Amino acid sequence: MPFNKIEPKADFPALEREMLAMWEKTGAFDKLREINRGKPKWSFLDGPITANNPMGVHHAWGRTYKDVYQRYFASLGRELRYQNGFDCQGLWVEVEVEKEHGFEDKKEIEKFGIGKFVTECKDRASKFAAIQTEQSKRLGYWMDWDNSYYTMSDENNYGIWAFLKKCFEKGLVYKGNDTMPWCPRCGTGISQMEMNEGYREVAHMSAFVKLPIRERPGENLIVWTTTPWTLSSNVAAAVREDMTYVKIKQGDQFYYVGKANFENARTHPVQQLDLKTLPNLMSLQSIFKNNGSFEVVEELKGAALVGLTYDGPFDMLDGAKEAAVAHCVIAWKEVTEGEGTGIVHIAPGCGAEDHQLGKDLGLPVVAPLLEDGSFRAEFGFLAGRKVDGVADEILADMKKRGVLFAKEKYFHRYPHCWRCKDELVFRLVDEWFISMSWRDQIVESARGAKWIPEWGLDREVDWLHNMGDWMISKKRYWGLALPIWDCKACGHFEVIGDRDELKARAISGWDEFEGRSPHRPWIDGVKIRCASCGDESVSRVKEVGNPWLDASIVPFSTMGYFSDRENWEKWFPADFVVEALPGQFRNWFYALLTVSTMMEGRAPFKLLKGHALVVDDVGQPMHKSDGNAIWFDEAAEQFGVDVMRWLYASASPERNVLFGPKHCDETRRDVILPWWNIYSFFSNLARVDGFDPAEHTATLDQRSLLDNWILSDLHTLVRTAHEAYSSFDVAKVCSEAQRFIDVLSTWYVRRSRRRFYGGEWSTDKRAAYATMYEVLTTLNRLMAPIIPFLSENIYQNLVVRQDDAAPKSVHHVPFPQANEGLIDESLSQRVAASIRIVSLGRSARKNSKLKVRQPLARFVVDPGSDTEREAVEQFEDHLREELNVKEVTIASEQVLKEFDIPSVTISVEPNMKTVGPKFGRQASSARELIAQLDGVKVEEAFARGETVGVDGVEATLSPEDVLLTRFYGDDWAGASDGATTVRLDKRLTPELRNEGLARDVVRNVQSLRKQAGLDIADRIVLGLVGSGLEEMLGQCGAYIQNETLAAELHTAAIADALATVEVKIADQPVSIGLKKMA
RNA sequence: GGGCUCAUAGCUCAGUUGGCAGAGCGCGUCGCUGAUAACGACGAGGUCCCAGGUUCAAGUCCUGGUGGGCCCA
C-alpha cells in the first residue's frame, strides 16, 4: 500500500484519539500481554492514586514514568502485572461527601446514618476511580484496567487485619493518650504527618495575663498566649532557671517578666503575608508604658521564682479545680528569651509539649474540650461553647476580673485541618498506636533496596529514626475497620487477624454482618467473648484506620499473599516503584516499609525512584484555590498527551517541573514538530516515488558516507537509549533522542534532500530511501515508550501499511538492538567536523556581510586537526554547496601564494591549561606578557621547531601553550575557532556577481509565483525590466528560466501580467511580471 | 533551633578530575523559499549571591554570611 500523504499541520490530539480507538478495536494491549506471557517477570508496584477527584496534570508525571518503564520492559520481552491501584478510604473522601450534603459536623453524619454515609463514600471512590481510569487511558497508560486494585476491597482490608494481628502478637499495639492536634469539625485527631501540610498564617487575639503570686500579695507573673481558651486549663507557669528576669513596679503592683523579653522589639513570625501591611507589635516595655509609669526594681534569675504558687485565671471553674491546687512555677529549659514574656503558660491538656512536660513532672491534666471542640459542662460560662468563638468572651471576662494585663492582635503560622481548613486545637485523646520500638529493623529493610536518588534512603532513614509511634486510629467512619475488640468490662483487648477468626469468635451479630464488606457500621455489630473476663458484649473499637495502612498492605494483598502464595512469590518484591518524593518518605514509603518488614522482614521493592512536583509556569505550586491548577482533560486536548509525556519524561526527576502552555509549546516545537516534519517529508516523497521498503534496499557499500554516518549515530543512540532506560533515566533518552533529531533534520535530511528527488531508482536513491527508512523506523521504536501515540501513528504508515507480516502495533515490536558493526566513531567525528567548518564558513560570510546567495570563488580551510583535514577532503561537495563556493581548498604555503592570500596578523593568547603548571607561581604575570607577544614571530619560531621565551620568566612556550588568532586581508573573509581557520575569497568577478543577481531574481520570481497562487508545475511567461540586467541575463537567463519554469523570458513588461512586483536587486530597481503559460 | 539542598544570561537550566563561562527558549540581524503558519544561520546578552581562605589558577575546593526550597525539632 502506498504511504500516507502527511499534512504538515497535524492535529495531534485528534491523532491520539484515533490511535486510542485503534488500540481498543484491535485489542493491542491484550495482544502485547499475550506476546510476553510466560516470559521472565518484571514486577512493578503501583502506588494507589487517591480516587476522590478527576486527575490534574500533576498526576500525569508519575503515571508517565510508570507507563514509559512498563513499555520499555515489555519491549524487552518481560511479563508484567499491569495493575493499577486506587486509594479509596479515608477522610478526604468523607469530606467531599459531607460537602455534597452540606454537613457541618459528625452529628449530622450520624443523623444521616453511618451506613448510608459509608455507602456514598464507597460510591464516590468508585465513581472517580472510573473517571481516572478513562483519563489514564487517554494518557496512553497501558494497564489491565479491569483488574485495578481498590484499597477498600475485602482482600485489602483483611490483609491489614493480618498485619495488625502480627503487631499485636508482638505486643506492639497499644492504646495511648496524648494531647494532639485535633480538628473540631472533622472530630478527629490529625497525625504529625498530616499536620505538616496544614499550616496557614492567621491572626489571633493574644493575651498577656496576670498570675498573682500567692506567697507574695501584690506581686504577679505575666504569661502570654495566642490561644486564650487554653487558659481555662492552665496548670503551671514555666521559667528558665538561668535566664534573667526583672521585677517591675507599676502603681501598687509588682510584675515579673524575662529581662530580654521585656526589652525585645517584637515582630509577627510570618513570611507569606505582606509585612508592610501588618500592624507593628509593641514591645513588652511599651505595653507597660501604655498602662502608666513603671520602674524596674530588681533583676533576678529564673531559679528564684521556681516553686512559687499562684492563682490561675479560671480557678473558679469546676473543671479547673484539680489544677488550681497545683499552680506553681516550674523550671523548663525550653523557655526562650524571644517571643513571649519569658514565663510560659503550661496547659498539659491543650498542648503537645505541655503534655510531655506535665507527664515528666506528674502535673494534673485538664482536658476542657469535647470531640466537637466545645467545652465540657464543668467549665461554667464556657460550657457547651465552641472553642473557636470564645476568645473575645474569655478576654472580656478576664478584663472584668482584672487579670488581663493586655491583649494584642498577633499574626502567626497556625496549624489547620489539611482537608477542611478549620483551625486545629490541641486536645487530650485516646488513640491506638503501633509502637516503633523495632524501627531499626525497618531501617534495615530500607537499606536493602536501591534508592534513586541516593539521598532518598538517607531521608527515609532519618524519618524512621525520628518517627514517633504510629497513630493508626481515626475517630471517623469511612475506612479500615480497626480489628481491635476492646473489653469495656476488664480492659483486655485483642486484635482479630482475619474474617474466619472473627466468624469463629463471634457470639452475636455475625448473621447481620455476613455478606457485608468489613466496614462501619456493619462490622460494629459483631460481638465476641472477652478472652480474659468472659464478658460477652465485647465490641470493636469505634475507630477506623489510618489510610496509609490501606496503601501499604498492597504488596501482599494484590499479589496473592493471602490467597495464592506461590503466585505472590513470583512477584514479590517488586522490581520497581516510582512516586513523587515530597511527603512520601513519611507516608507511603514509610508505611510500605513498616508493613513489609513486619510481614516478611524486608522491603517490598528492589528499587525505588522518586521525583519532584509539578508546579505552574512560574514555579508556584498548583492549587485549585489559586486558580493555577490545570485539569488533565483540558491539557490533553489542548496540547496532546505525547507533548505532555515528553515534557515529563525529559524533565530532571529531582527538580520540580514547570507545567504550562509555554512549556508545552516549547516541547512541541523542539521535539514533536521537527520529528513530525522529518517524517512527513519522507512519507510524502515515498508516496510519490512509490518507495517499497522490501524492494528498494541497499547494501552498506552502496550507501553514501552520510548514510553510514547517520546509521552510526543511530546505533550509538540505540545503545545509549538501552543504557538509560534500563537505569531508569528516561530524561537521558529524551535528550539524546532530541539531539539526534536535530542533527538528522539539520544535516542528514538537509544534505540528502536532493537524493530523494528525480525519477529513476538509482543506487544512490535506493540507498537514501533505505537509510532514511531504517533511521525513521528505529528511532520511532526507540521513542515509542515516551510518545506512544505519535510513534504508533508513524509505525502504522511506515511499517504496517507496507508489510502484512509486521506486528500490528509498534508496541509489539521488540526494542531495537544496537548493531555495533555499524558504529563508526571516527566517521561521526568527521561529519561533526564538517558541520563545524560549514558553521565557521557561515560565520565568515556573516562577518563580511556576504550572503550565502552570492556565489564566491574559493573557500580555503586551514584544518585544526587530521579529522578536520579528512572531513574537508571527504565532504568537499557538502562544503561547496552549503557555502555556495566554486572551490574548496586546503591551505598550504603554495595555495596561499597561488591565490594571493596575504600574510595575516596573529594575536597570541596563553593556553592556561598548560601554561599554569609550566610557569607555576609566575603564571599570572606570564599570562599578560604572553598576550603582548608578536604572534607572527611566535608562529615562525614554532614552525622552526623552537620554543619561545617570555621576558622576565624562566620557562618557555611550546605550541600547545598558546592560541594564535589570525586576522585576514581586505580580500578575504575569515573565521577561526581554536586551531581551525577558514577563508572566503571576497573578490567578485562579473560572472560571480551575475550569478548572485540571477539567484536574487529567481528568489523573487518564486515568491511571486507563490503569491499568484501558481502550482509548482505551472509554466510561466516572465518579464524583467531594469537597468543593467542584460549582461546577467546573457549569462544566466537559461538558469533563471529553468529554475522558475519560465518558458519565455522577456526584458519588457508583460502586458496582461497575472502578478507583478517591484523589487531592488543589487540596489537597482527591477520590475518583475509573470503570467501563466496558456 | 538542627539537618539537607539550591543560588550561573531576560526565562528554564547544563557546567565532569580546579585550567579561555555554556545550551535551549526569548530577543536582534540575516538567510532559505519543493519540510513553508515550517526551517536554518549568525549575533547581542554574565559582578557565576556576598565576604574571606587554599592555589600559579576557583563557577568548581574550604570557612563564614545572605536569600530561596525541603525535612526535622
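About the cut-offs
Residues numbered from 1 in each chain as written. Chains lettered and ligands numbered in written order. Predicted model: local features only at pLDDT ≥ 70, side-chain atom pairs only at ≥ 80, totals over all residues. Heavy atoms only, no water. Helix = DSSP H or I, 4+ residues; strand = E, 2+ residues; numbered from the N terminus. Rg over C-alpha atoms; globule rule 2.2 N^0.38 Å. Buried < 20%, exposed > 50% of the residue type's maximum accessible area, 1.4 Å probe, protein only. Contact = heavy atoms within 4.5 Å. Axes fitted to C-alpha atoms, helices over the stretch in contact; angles between N-to-C directions. Parallel < 35°, antiparallel > 145°, perpendicular 65-115°, else oblique. Left-handed = near helix turned anticlockwise from the far one by under 90°. Nonpolar A, V, L, I, M, F, W, Y, C, P; charged D, E, K, R; others polar. Pairing = 2+ DSSP bridges. pLDDT = per-residue confidence, 0-100. Expected span 1.5 Å × (residues − 1). Polar contact = N/O pair within 3.5 Å; in protein donor to acceptor, adjacent residues only side chain to side chain. Core = buried A, V, L, I, M, F, W, Y, C linked by side-chain atoms within 4.5 Å. Salt bridge = Lys/Arg side-chain N within 4 Å of Asp/Glu carboxyl O. Patch = residues over 30% accessible without salt bridge, like charges linked within 9 Å, V, L, I, M, F, W, Y side chains within 5 Å. Areas by Shrake-Rupley, 256 points an atom, 1.4 Å probe, with all protein chains shown as cover. Lys, Arg positive; Asp, Glu negative; His and termini not counted. Charge placed at Lys NZ, Arg CZ, Asp CG, Glu CD. 1 Å grid on protein atoms, 1.4 Å probe; cavity = no way out; pocket = protein on both sides within 12 Å on 5 of 7 lines; lining within 4 Å. Points joined across faces, edges and corners; volume = space filled by probe spheres on them. Phe/Tyr/Trp six-rings, centres within 6.5 Å; stacked < 30°, edge-to-face > 60°. Lys NZ or Arg CZ within 6 Å of the ring centre and 35° of its normal.

### Topic: the overall build of chain A
Within chain A, the regular secondary structure consists of 37 helices and 40 strands. Radius of gyration (C-alpha) of chain A: 40 Å, far over the 31 Å computed for a compact globule of 1078 residues. Projected onto its principal axes, the C-alpha positions of chain A cover 120 × 80 × 65 Å. Residues counted as buried form 56% of the 1078 residues belonging to chain A. Taking contacts inside chain A between residues at least 6 apart in sequence as the whole, the part at least 24 apart equals 77%.

### What about the packing of helix 26 (residues 730-756) against helix 27 (residues 763-783)?
For the pair helix 26 and helix 27, the least separation of the axes is 11 Å and the interaxial angle reads 160°. By the angle between their axes, helix 26 is roughly antiparallel relative to helix 27. At the point where helix 26 passes helix 27, the crossing takes the left-handed sense. Touching Ala737, Phe740, Ile741, Leu744, Tyr748, Val749, Arg755 and Phe756 of helix 26 are Asp764, Lys765, Ala767, Ala768, Tyr769, Thr771, Met772, Val775, Leu779 and Met783, all from helix 27. Of the residues belonging to the contact of helix 26 with helix 27, the class tally is 14 nonpolar, one polar and three charged.

### Structural notes on the sheet that holds strand 25 (residues 577-580)
Judged by pairing direction, the sheet is parallel, and its three strands sit side by side in the order 16-26-25 without closing on themselves. Both edges of this open sheet fall to strand 16 (450-452) and strand 25, since each of them pairs with a single strand only. Taken over all neighbouring pairs, the strand axes of this sheet differ in orientation by 20° on average, direction set aside. One ladder, built from three bridges, connects strand 16 with strand 26 (residues 607-611); its direction is parallel. Residue pairing in the sheet places Lys450 in a bridge with Leu607 of strand 26. With respect to the sheet, helix 21 (residues 588-600) is in contact with strand 16, strand 25 and strand 26, its orientation differing from that of strand 25 by roughly 145°.

### Comments concerning the confidence of the model for chain A
Per-residue confidence for chain A averages 86 on the pLDDT scale, and 92% of its residues sit at or above 70. For this predicted complex, the interface confidence comes out at an ipTM of 0.82, alongside a pTM of 0.84.

### Some words on helix 25 (residues 705-726)
Taking 1.5 Å of rise per residue, 22 residues should cover 32 Å, and helix 25 covers 32 Å from first to last C-alpha, within 8% of that figure. At the N-terminal end of helix 25, a side-chain oxygen is found 3.3 Å from the backbone nitrogen of Leu706, two or three residues along, and the residue is Ser704. Phe728 sits one or two positions beyond helix 25 and adopts a positive phi of about 60°.

### Notes on the nonpolar core
The nonpolar side chains of a soluble globular protein tend to be buried with one another. The biggest cluster of nonpolar side chains holds 231 residues, and the ones touching the most others in it are Phe659 and Phe682. For this core, the element with the most residues is helix 26, which contributes twelve residues. Dropping the residues within four chain positions of it, Phe682 is found in contact with Phe3, Phe691, Phe756, Tyr769, Met772, Tyr773, Leu776 and Leu798. Core analysis: the second largest hydrophobic core is formed by 52 residues, Trp229, Leu305, Val387 and Ile394 among them.

### With respect to the packing of helix 27 against helix 28 (residues 788-800)
Running from amino to carboxyl end, helix 27 crosses helix 28 at an angle of 145°, the nearest separation of the two axes being 10 Å. As helix 27 runs across helix 28, the sense of the crossing is left-handed. Between helix 27, through Tyr773, Leu776, Thr777 and Asn780, and helix 28, the contact on the second element is made entirely by Leu790, Ser791, Ile794, Tyr795, Leu798 and Val799.

### Quick notes on unusual backbone geometry
Negative phi characterises most residues that are not glycine, and trans characterises most peptide bonds. Cis geometry marks the peptide bond from Ile452 to Pro453; its omega dihedral reads -5°. Structurally, the position occupied by Pro453 is in the loop between strand 16 and helix 15 (455-466). In the segment running from Arg520 into Pro521, the intervening peptide bond is cis, with an omega of 0°. Tracing the backbone shows Pro521 in the loop between helix 17 (510-513) and strand 22 (527-528).

### A few points about the pattern of salt bridges
Scanning the model with the defined rule gives 59 salt bridges in all. Between Glu378 and Arg376 there is a salt bridge, and its shortest N-O distance comes to 2.7 Å. Of the residues examined, Glu378 reaches a relative accessible area of 33% and is grouped as partly exposed. One salt bridge connects Glu995 with Lys886, and the closest N-O pair in it is separated by 2.8 Å. Taken as a pair, Glu995 in helix 36 (residues 990-1011) and Lys886 in strand 30 (residues 885-890) lie far apart in primary sequence, 109 residues in all. The exposure class of Glu995 is partly exposed, given its relative accessible area of 24%. One salt-bridge network, in which partners are shared between bridges, spans Arg750, Arg751, Arg842, Glu881 and Glu882.

### As for a negative patch on the surface
A cluster of acidic residues, Glu104, Asp388, Asp422 and Glu423, forms a negative patch at the surface. Taking the relative accessible area as the measure of exposure, Glu104 reaches 53% and is therefore exposed.

### Quick word on the environment of Arg63
Within the secondary structure, Arg63 sits in helix 3 (residues 59-75). For the pair Arg63 and Glu169, spaced 106 residues apart in sequence, the C-alpha separation works out to 38 Å. Apart from the residues lying within four places of it in its own chain, the contact partners of Arg63 are Ile49, Met55, Asn84, Ser136, Leu139, Tyr141 and Trp145. In terms of polar contacts, Arg63 uses its side chain to reach the side chain of Asn84, at 3.0 Å.

### Observations regarding the side chain of His416
In this fold, His416 is placed in the loop between strand 14 (404-415) and strand 15 (425-434). Look at His416 and you get buried, because its relative accessible area is 4%. Polar side-chain contacts of His416 include one of 2.7 Å to the backbone oxygen of Tyr414. Not counting residues up to four positions away in its chain, the partners in contact with His416 are Gly198, Tyr199, Arg200, Val202, Lys421, Asp422, Glu423 and Leu424.

### Let's talk about the layout of surface pockets
Size it by volume and the second largest pocket reaches roughly 1300 Å³. The wall of the second largest pocket is formed by 33 residues, among which Arg750, Arg751, Arg754, Glu881 and Arg999 lie closest to the centre. For the lining of the second largest pocket, the secondary structure elements donating two or more residues are helix 25, helix 26, helix 31 (876-883), helix 36 and helix 37 (1030-1044).

### So, the packing of aromatic side chains
Evaluated as defined, the whole model comprises 66 aromatic pairs. Over the ring of Trp142 we find Arg71; its NZ or CZ atom is 4.2 Å from the centre of that ring. In this structure, Lys116 is placed above the aromatic ring of Phe112, and the distance from its NZ or CZ to the ring centre is 4.5 Å.

### Things to note about the sheet that holds strand 8 (residues 236-239)
An order of 12-8-13 is seen for the three strands of this open sheet, with the pairing classed as mixed. At either end of the open sheet lies a strand with only one pairing partner, and these are strand 12 (328-331) and strand 13 (344-346). Pairs of neighbouring strands in the sheet enclose a mean axial angle of 35°, with direction left out of account. Across three bridges, strand 8 lies against strand 13 in antiparallel orientation. In the sheet register, Ala237 faces strand 13, and the bridge partner there is His345.

### Thoughts on empty space enclosed by the protein
Inspection of every chain in the model, using the stated rule, returns three cavities of 30 Å³ or more. The computed volume of the largest cavity comes to approximately 50 Å³. Forming the boundary of the largest cavity are 13 residues, of which Gly90, Leu91, Trp478, Val544 and Gly545 lie nearest the centre. Secondary structure elements with two or more residues in the lining of the largest cavity: helix 4 (91-101), strand 24 (544-545) and helix 18 (547-552).

### Points about the pairing of strand 36 (residues 980-985)
The element strand 36 is largely enclosed, with a buried count of six among its six residues. Burial of strand 36 is two-sided: the residues Thr980, Val982 and Leu984 facing one way and the residues Thr981, Arg983 and Asp985 facing the other way are all buried. For strand 29 (residues 856-862) and strand 36, the ladder comprises four bridges, and the chain directions are antiparallel. What sits directly across from Asp862, in strand 36, is Thr981.

### Observations concerning helix 36
Look at helix 36: 31 Å from first C-alpha to last across 22 residues, which is about the 32 Å you get at 1.5 Å a residue. Restricting attention to buried positions, one finds in helix 36 the residues Leu992, Asn994, Gly996, Leu997, Ala998, Asp1000, Val1001, Val1002, Asn1004, Val1005, Leu1008 and Arg1009. Buried residues along helix 36 sit in contact with strand 29, strand 30, strand 37 (1020-1026), helix 37, strand 39 (1059-1065) and strand 40 (1068-1076).

### Some words on the environment of Trp747
Looking at the secondary structure, you find Trp747 in helix 26. For the pair Trp747 and Leu706, spaced 41 residues apart in sequence, the C-alpha to C-alpha distance is 9.2 Å. If we ignore the near neighbours within four places in the chain, the residues touching Trp747 are Leu706, Trp709, Asp742, Ser752, Val831, Ser834, Ile835, Val838, His878 and Glu882.

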